[in-house]
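Next come the chains, spelled out residue by residue.
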Amino acid sequence: MFAASAVTFSPDEPLTALRLGEHPEPVVPEGWVVVDMRAASVNHHDLWTLKGVGLPAERLPMILGCDAAGLDPDGNEVIVHAVISSGVGYADETVDPRRSLLSEKHQGTFAERVAVPARNLIPKPAWLTWAQAACLPTAWLTAYRMLFTRSGLVPGQTVLIQGAGGGVSTALIMLARQAGFRVWVTSRDEAKRTRAVELGAHDAFASGARLPERVDVVLETVGAATWAHTLRAVRPGGRVVIAGATSGSQPPADLSRIFFLQLSVVGSTMGTRDELERLVAMCGATGLRPLIDHELPLTSADEALGRIAAGDLFGKVVLTR
Ligand SMILES: NC(=O)c1ccc[n+]([C@@H]2O[C@H](COP(=O)([O-])OP(=O)(O)OC[C@H]3O[C@@H](n4cnc5c(N)ncnc54)[C@H](OP(=O)(O)O)[C@@H]3O)[C@@H](O)[C@H]2O)c1
């Protein structure tokens, strides 16, 4: 079958580690099923894999792709939950120490077919397109958990989202606005700040800019480039929720500021199957749909990954077949 795989690692030129071409059919363990892939969205995670972050060399070649929508063996339209748990003992699979995402231990979704645990399938409603459905399991689920499980925000409070154009950031803007929070966003790019406001942000600021007042919660996926601003932006007693560190994960922590202002710094990773079902229900109840920057054929996975690497995006990039 056709697939887009990491065949080596290249920290500086990740696209050179990508191979588009034939790959063996999925191996199907007991309790797993094969999904006929219709759409898979591209995440920064796929770029990390090509750079060699989070994947040991002995697992190569590895098909990229965390999330997908497709047809199960009975022809039902399904969305694939990307978190593969050990299946025992954890009500919240995101804290299972043996969990992985598709494309970490098991082959990913940038392929004609992908094997997944049967328990990881949820029904795809007809009102979501294949491409929209494929945006939910990683970027949108991460945003949902950051906002509604990890942030402690209540309607009327102010949230700052660092970064505007990314898959997670655009999801955060849309979900936060829908939930009744006052939504502030930063971006390096003026055009993206304008688009963030059109998408639902109440205001948008240049990255690092002084804000009119401190916020209740900062949602952080940028990392080193915005961390100092994040700590300056949050009010005493406020909270920072971190789900990513695109620009680097080792900024000065500024511990004094954290204890003196009694800040809470909270990590967040993906989400549970239950949260994915609630996210789908929220899309149904509100009419929200993932913002898609580009749809490309699976055979153009190289172009799609190049767009993520260039950062010149506003919303998700989705591969379809
Ligand atoms: N913990 C988890 O489970 C989880 C799940 C999903 C994603 N993530 C992580 O979250 C991050 C975002 O993922 P994504 O798929 O949304 O990636 P993406 O589409 O590549 O988004 C990149 C975002 O980062 C901002 N950005 C990048 N470099 C920046 C810099 N130097 N200064 C300021 N802003 C910068 C961009 O903002 P502007 O272009 O608007 O300035 C954009 O909003 C990645 O690191 C990813 O690995 C983690």
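Throughout what follows, the structure given in this document is the object of discussion. Being a predicted model, the structure only gives us computed values, none of them experimental.

**Quick notes on the pattern of salt bridges**
As enumerated under the stated definition, the model contains 11 salt bridges in all. As a salt-bridge pair, Arg113 and Glu25 come within 2.7 Å of each other at their nearest N and O atoms. Of this pair, Arg113 sits in strand 9 (residues 113-117) while Glu25 sits in the loop between strand 2 (18-22) and strand 3 (32-42), and the two are 88 residues apart along the sequence. Taking the relative accessible area as the measure of exposure, Arg113 reaches 25% and is therefore partly exposed. One salt bridge in this structure joins Arg38 and Asp36, with 2.8 Å as the shortest N-O distance. Overlapping salt bridges bring together Asp36, Arg38, Glu112 and Arg321 as one network.

**Considering unusual backbone geometry**
With an omega dihedral of -5°, the bond running from Leu60 to Pro61 counts as a cis peptide bond. Among the secondary structure elements, Pro61 is positioned in the loop between helix 1 (44-51) and strand 4 (62-63). The phi angle at Ser103 is positive, at roughly 85°, despite the residue not being glycine. Summarising the element assignment, Ser103 is placed in the loop between strand 8 (100-101) and strand 9. In this structure, Asp254 is a non-glycine residue whose phi angle is positive, near 55°.

**Concerning helix 4 (residues 190-199)**
Each α-helix winds once per 3.6 residues, and so residues spaced three or four apart point in a common direction. Buried within helix 4 are the following residues: Lys192, Arg193 and Ala196. Viewed along the axis of helix 4, the buried residues span an arc of 105°, placing them on a single side of the element. Turned more than 90 degrees from where helix 4 packs its buried face, Glu190 and Glu198 sit exposed. Where the residues of helix 4 are buried, they touch helix 3 (167-178), strand 12 (182-187) and strand 13 (203-206). Two to three positions downstream of the cap, the backbone nitrogen of Ala191 sits 3.1 Å from a side-chain oxygen, assigning the N-cap of helix 4 to Asp189. Trailing helix 4 by a residue or two, Gly200 shows a phi angle of about 140°, which is positive.

Definitions and cut-offs
Residues numbered from 1 in each chain as written. Predicted model: local features only at pLDDT ≥ 70, side-chain atom pairs only at ≥ 80, totals over all residues. Heavy atoms only, no water. Salt bridge = Lys/Arg side-chain N within 4 Å of Asp/Glu carboxyl O. Helix = DSSP H or I, 4+ residues; strand = E, 2+ residues; numbered from the N terminus. Buried < 20%, exposed > 50% of the residue type's maximum accessible area, 1.4 Å probe, protein only. Arc of directions from axis to C-beta. Contact = heavy atoms within 4.5 Å. Polar contact = N/O pair within 3.5 Å; in protein donor to acceptor, adjacent residues only side chain to side chain.

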